[in-house]
Amino acid sequence: MAMEKTLYRELPTTGPLWAAAVLLGAFLLGGLAAFAYTHHHGHAVTGMTNQVVWGLPHVFAIFLIVSASGALNAASIASVFGHAPYKPIARLSAVLAMSLLVGGLAVLVLDLGRPDRLIVAMTRYNFSSIFAWNVLLYTGFLAVVAAYLFVQMSRVPYGWVRTVGTAAFLWRLALTTGTGSIFGWLVARPGYDAAIMAPLFIAMSFSFGLAVFILVLAALFRLSGRKIGRMMYRRLGGLLAIFAAAVLYFTAVQHLTALYAAEHAGIERFILRDGGIYTWLFWLVQVGIGGLAPIALIYLPRFGNSAAEPILASVLVIVGGLAQVYVIVVGGQAYPMELFPGYEASSPFFDGTVSAYAPSLTELGLGLGGVALALLAVGVAAKVLRVLPTNLMDANVPGND
Amino acid sequence: MRLVILITGLLLTALSPAWGQDAAWAPAVPKASGEPHPEGNAYMRRWHMSMMKHDRDLTMYDGERGVNASIGECFECHAVKDEAGQPVTVADERHFCRSCHDYAAVKVDCFDCHRSTPEGFEEPPHQASLGRGILPTLPYSAQMAQVLEYLRASPTVTAEARE
Amino acid sequence: MTCTQKPAAPTRRDILKSGAAMATLQLAPGVTLMAFGGSEAQAAADAGKRWGLLIDAGKCAEGCSACVTACADENGWKGKGDAERDAQWIRKVTLKNKATGRTSELPVMCQHCESPPCVDVCPTGASFKRKDGIVLVDKHICIGCRYCMMACPFKARSFVHEPVTNQKTHAPRGVGTVEGCTLCVHRIDAGRIPACVEACAATGNGAMVFGDLRDPESEISRRLAEYPSLTLRPDLDLNQGVRYAEI
């Protein structure tokens, strides 16, 4: 059978692999140093304030958590939707999903005001809080995907893989719905109060997660001297373009419906026209670089090397994705809440004014530390477990049926 | 420095098993003013944390303010004075709460928020400049075992006595 | 409190008594008793009551910030001059009617909602509503996630960005946790009125009335029954304990 052709082997120890590990280790240490510094002095040393209470760390954390669920795409397509060409990359897909989630959660936890009370967060739940539900969704996701990886790697009947894979697929939809609802349920802020947040976040997860997956797959193969065929790149690139288009579609719906509601006209004008940095990030980076450009890159007539295109498209999707999360998280807070409709409000506590936010180096360090943790975890897993096939050349990848 | 003491302590315990028996571990607990606790010192030593936690929830949730173990009141009687006759804050190792905790490697976060001196005294800012440590508390150090031994050996302190 | 002045060693009784003595002292001026609508001084949270404030913007004087200063003194949250990060339990907001140009001022603090969004979103249950309607943070289990600040429609909560010292005994506060107006719960439990209301009365403006919304005889209930008033963001249907009149 086609399946038997795929040989999974641990990564060989190569010089470039070590170099990458050392680089990631440095970023991880940087992240830990940023955490220690912030924890010692309090959040006064960050750019966050009493107006913008969630900043760059949350942008990174949410991006990683959303991508985690999307990184499972390849595995789901293989075992839930039965597409054989995705089977050889299904294991990596599961490993990456777990690693990204761990990286995102680490950033989230280390940015708490009292990270030493993590045990409180794990033992006391307020079930009317979507945040508390998310804690359960996250831990559950790790468990379900771990089980999924286990059945993929052990010699159990394929029916098992399909069953656990379906559970993981449903769980990831719930997880991203939960993450989107963190914002969707904030009725107080006009930028968030929308049911569209949940499906928007699901589309974002499909797109960002696949982009990260493509880059990690390409990097690991490169670093270990293994080869990927054109068809594989083409397949993943085509999928990425569809997902990027879906994100654009939901973004359009998000803003069009908000424009339609009179009470959201203010925030819409802010994001789409008058918001300065947020407007630039929205149109140029999120829509242009992260949406239209990668779609064009994949669909327009090619200029040669087909591996470079999906890789470049993935980079663009990630850059646009970070901008999108930034606009949602920070832009939504920068715009003032209206306590007194019909009045112009002002106060020493910045009522009625757009709040400034300048991310600090410590926040960037913490965020990149989380990314490094996630990538390092994938690398270590691929080094000690048989998750990567030795070869993804077109002849070795099973066809559809 | 602390590490040296810890290692010396470990060595001592290892070398002389009889050490803890006659020369029982005795913390240099600073003297208090005012009426002693009706529960007795031994009981206080063993249960002060649970008492405060219990009374904390009474105050927090039920607005019960005439509680027995109010952390705000401890220092009305347990204020240790420095050379200048001023109460010391918890940043000073002579502070009442640190007299045992340091030795037992217990670290409490209470004074991130609660005052560690009597009301009315202007605390110097150096406590804040200490910032917060990131090392987790070591709940059971070598001395901890001795402290617990000491606590168990104290008369009248048993779990039943608490009920 | 007392024993620093007293040379003799204090007893536990003394300390408890000193709190009670203060309560009667404060109850003496008529304004205090009136604000309680004749209800007796309380010893603890009472599920039969719902404490509230009525703020009459018509009487709130321009440029006056007696309530803000009194709160900062009482609860010890005066910051270091970093307006973006310093705590702000109560603030004065200036309003300008966009249509008419008329300006007014009023204080905004925690609105002590009956269905508080902060309590809904708090993952650990640290944000909670006391039996008598006061919305508080149990800082002992607050993990500093700041989701409550995202959820609050009134910007009523602050995050403590730096280590603090020299707190008030009755108002502990510390780095890494979220805080906000407690309606001076420590005073209410001792039968006194919030510091802001007391300070406002002392200026002679009398723009703030404190009392029990459940007691139809209390001054606050009588005024609410008689004159028009509103809550902020009525679209959210939170039924706040703080009401405004004459905006």
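Here, the structure is the one placed above.
One structure accompanies this document, and this report is about it. (Residues numbered from 1 in each chain as written. Chains lettered and ligands numbered in written order. Predicted model: local features only at pLDDT ≥ 70, side-chain atom pairs only at ≥ 80, totals over all residues. Heavy atoms only, no water.)

With that settled, the discussion passes to the overall build of chain A. In terms of regular secondary structure, chain A is built from 13 helices and 3 strands. Scaling as 2.2 N^0.38, a compact globule of 401 residues should have a C-alpha radius of gyration of about 21 Å, and chain A matches this with 21 Å. Viewed in the frame of its principal axes, chain A has a C-alpha envelope of about 70 × 50 × 40 Å. Looking at chain A residue by residue over its 401 residues, the buried ones come to 56%. (Helix = DSSP H or I, 4+ residues; strand = E, 2+ residues; numbered from the N terminus. Rg over C-alpha atoms; globule rule 2.2 N^0.38 Å. Buried < 20%, exposed > 50% of the residue type's maximum accessible area, 1.4 Å probe, protein only.)

We now examine the interface of chain A and chain C. The partner chain C presents 51 residues to the 53 residues of chain A that form the contact. In this assembly, chain A packs against chain C so that about 4600 Å² is buried in total across both faces, 58% of it on carbon and sulfur atoms. Contact with chain C buries surface across chain A, with Asn50(A), Tyr343(A) and Phe349(A) losing the most and accounting together for 15% of the total. Counting across the chain A and chain C interface gives 3 salt bridges. With a closest N to O distance of 2.5 Å, Arg91(C) and Asp351(A) form a salt bridge. If you list the elements that add at least two residues to the side of chain A that touches chain C, you get α1 (15–41), α5 (118–123), α6 (130–153), α7 (158–184) and β2 (343–346) of chain A. (Contact = heavy atoms within 4.5 Å. Buried area = accessible area lost by both parts, 1.4 Å probe. Salt bridge = Lys/Arg side-chain N within 4 Å of Asp/Glu carboxyl O.)

This brings us to unusual backbone geometry. Trans is the common state for peptide bonds, and a negative phi is the common state for residues other than glycine. Residues and elements named next belong to chain C. If you check the backbone angles, Lys 155 has positive phi at about 50° while not being a glycine. Residue position: Lys 155 is located in the loop between α5 (147–151) and β6 (157–159). What makes Lys 155 buried here is its relative accessible area of 14%. The phi dihedral of Glu 246 falls on the positive side, at around 60°, and the residue is not glycine. Mapping Glu 246 onto the fold places it in the segment after β9 (242–245).

Turning next to the pattern of salt bridges. Applying the stated criterion across every chain yields a total of 28 salt bridges over all chains. Put simply, Lys131(C) and Asp62(B) hold a salt bridge, and the shortest N to O gap is 3.1 Å. Of this pair, Lys131(C) sits in the loop between β4 (127–129) and β5 (135–137) while Asp62(B) sits in helix α3 (residues 41–62), on two different chains. A relative accessible area of 43% means that Lys131(C) is categorised as partly exposed. Judged by its relative accessible area of 26%, Asp62(B) is partly exposed. The structure contains a network of salt bridges with shared partners spanning Arg114(A), Asp116(A), Arg117(A), Asp109(B) and Asp112(B).

Bear in mind that shape data such as this cannot, by itself, settle questions of function.
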